[in-house]
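A closer look at the structure
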Amino acid sequence: MARPVIGIIGNHHLINDEYPAQAVGVMNVSVVAEVCDAVPVVLPANPAHVSVEDALSVCNGFILPGGRPNVHPEEYGHEETEAHGAFDRDRDRLVLPLIREAVARGVPVLGLCRGFQEMAVAFGSTLHPEIRDLPGRMNHRMPPDGTLEEKFELRHWVTLNPGGRFARLFGADEVFTNTLHGQGIEEAGARVVVDGRAPDGTAEAIYIEGAPGFAMGVQWHPEWNAAADPVSRPLFEAFGRAAAGLRRAA
Ligand SMILES: N[C@@H](CCC(=O)NCCCC(=O)O)C(=O)O
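Residues numbered from 1 in each chain as written. Predicted model: local features only at pLDDT ≥ 70, side-chain atom pairs only at ≥ 80, totals over all residues.

- The name that an unreviewed UniProt entry assigns to the protein chain is gamma-glutamyl-gamma-aminobutyrate hydrolase, with the source organism given as Pontivivens ytuae.
- Per UniProt, the protein chain carries the Catalytic activity (unreviewed entry) text "4-(gamma-L-glutamylamino)butanoate + H2O = 4-aminobutanoate + L-glutamate".
- Its UniProt record gives the protein chain a comment under Function (unreviewed entry), which states: "Involved in the breakdown of putrescine via hydrolysis of the gamma-glutamyl linkage of gamma-glutamyl-gamma-aminobutyrate." (UniProt positions renumbered as here; feature names shortened; annotations may be inferred.)

Focus on the overall build of the protein chain
- Check the secondary structure of the protein chain and you find 7 helices and 13 strands.
- For the protein chain, whose C-alpha radius of gyration is 17 Å, the value lies close to the compact-globule estimate of 18 Å for 250 residues.
- Along the longest, intermediate and shortest principal axes, the C-alpha atoms of the protein chain span 50 × 45 × 40 Å. (Helix = DSSP H or I, 4+ residues; strand = E, 2+ residues; numbered from the N terminus. Rg over C-alpha atoms; globule rule 2.2 N^0.38 Å.)

Considerations on the site of the ligand
- The full set of residues close to the ligand is Gly66, Gly67, Arg68, Asn70, Cys113, Arg114, Leu180, His181, Gly182 and Gln183.
- Of the residues contributing to the shell around the ligand, the split by class is 2 nonpolar, 6 polar and 2 charged. (Near = placed C-beta within 6 Å. Nonpolar A, V, L, I, M, F, W, Y, C, P; charged D, E, K, R; others polar.)

Some points on the packing of helix α3 (residues 89–105) against helix α4 (residues 114–122)
- It is at 9 Å that the axes of α3 and α4 come closest, and there the two elements cross at 65°. As summarised for this structure, α3 and α4 are arranged roughly perpendicular, according to the angle between their axes. In this structure, α3 crosses over α4, and the sense of that crossing is right-handed. Contacts from Val95, Leu96, Ile99 and Arg100 in α3 reach Glu118, Met119, Val121 and Ala122 in α4. (Axes fitted to C-alpha atoms, helices over the stretch in contact; angles between N-to-C directions. Parallel < 35°, antiparallel > 145°, perpendicular 65-115°, else oblique. Left-handed = near helix turned anticlockwise from the far one by under 90°. Contact = placed C-beta atoms within 7 Å.)

Things to note about the sheet that holds strand β5 (residues 61–64)
- Taken together, 9 strands build an open sheet; the order of strands is β4-β1-β5-β6-β13-β12-β11-β8-β9 and the sheet is mixed. Edge positions in the sheet fall to β4 (39–43) and β9 (174–177), since each of these pairs with one other strand and no more. Adjacent strand axes in the sheet meet at a mean angle of 25°, parallel and antiparallel pairs treated alike.
- In this sheet, β5 lies alongside strand β1 (residues 5–9) in parallel orientation, the contact comprising 3 bridges. Its bridge partner lying in β5, Ile8 is registered against Ile63. (Pairing = 2+ DSSP bridges.)

Quick word on the environment of Ile8
- With respect to the helices and strands, the residue Ile8 is situated in strand β1.
- A C-alpha to C-alpha distance of 28 Å links Ile8 and Glu174, two positions 166 residues apart in sequence.

A short note on α4
- When you tally the buried positions in α4, you get 9 out of 9 residues, the bulk of the element.
- Listed in full, the buried residues belonging to α4 are Arg114, Gly115, Phe116, Gln117, Glu118, Met119, Ala120, Val121 and Ala122.
- Just past α4, the residue Gly124 takes up positive phi, approximately 90°. (Buried ≥ 20, exposed ≤ 12 C-beta atoms within 10 Å, placed from the backbone.)

Focus on the pairing of strand β11 (residues 192–197)
- With 2 bridges joining them, strand β8 (residues 156–160) and β11 adopt antiparallel strand pairing. Residue Thr159 lies in a different strand from β11, and its bridge partner there is Arg197.
- Sheet analysis places β11 next to strand β12 (residues 203–208), joined by 5 bridges and oriented antiparallel. Residue pairing for β12: Gly196 is matched across the bridge by Ala205.
- Between β11 and the antiparallel strand that follows it, β12, lie 5 residues; Gly201 among them carries a positive phi value of about 95°.

Quick look at the nonpolar core
- Residues Ile6, Cys36, Phe62, Ile99, Val109, Met119 and Ile206 are the most contacted members of the largest nonpolar core, which totals 66 residues.
- No other element matches α3, which puts 7 residues into this core.
- Once residues within four sequence positions are removed from consideration, Cys36 is found in contact with Ile6, Val31, Phe236, Phe239, Gly240 and Ala243. (Core = buried A, V, L, I, M, F, W, Y, C linked by C-beta atoms within 7 Å.)

Below, the structure written as structure tokens:
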């Protein structure tokens, strides 16, 4: 049986600050090939080039990777402010409906960082533009001038709901993670279950209640060092098994 196909949503990127491209980090590509045991396919994040139906007809699962631009606040009913920073409206317009449709059809979805935020927004959550400005919250952003190792260094614990989905998947009630984000979930939508939190209360692990398939997201970046990391590996293996199951059933 051929391996399942996992679509990785691209990010708008300018090569040499000039040439427009759709980019996906090699970390995401290699984790799909080597840990999910699936074929990685980069999906341009623009509904003018790929429709929701196109994506669902080609892929057995989707990784929604991190990306600097924030989901536009209009998508969760907030006014745009300077604090919201840059956007990628093409990605918003493809991914939000894609998440809803994939989840409804039981097609596996795994959200990472911005992708976690997209899953939350797709199911009715609101985001705060800069969570470190909230009382009692810590800075979850990456060190701006560090090496990649410093940026992706594991920096805080995430406490998982005992006996919850993530705790069962990891075989632990706490995991140690990296953190590279400014935004965070403000109010979770009705079907968005917050299954893990950072020490300051920030939502870190979610799943979609009632989803017929794998529908999980993490605010951190498990793709870093995924093959060797004892937390990342079971997450991507479970996602890969879900995609393989869907392919066998097709
Ligand atoms: N924009 C959001 C999401 C942050 C995120 O996905 N960071 C990873 C960036 C990696 C990259 O630069 O490609 C936020 O800041 O909360």
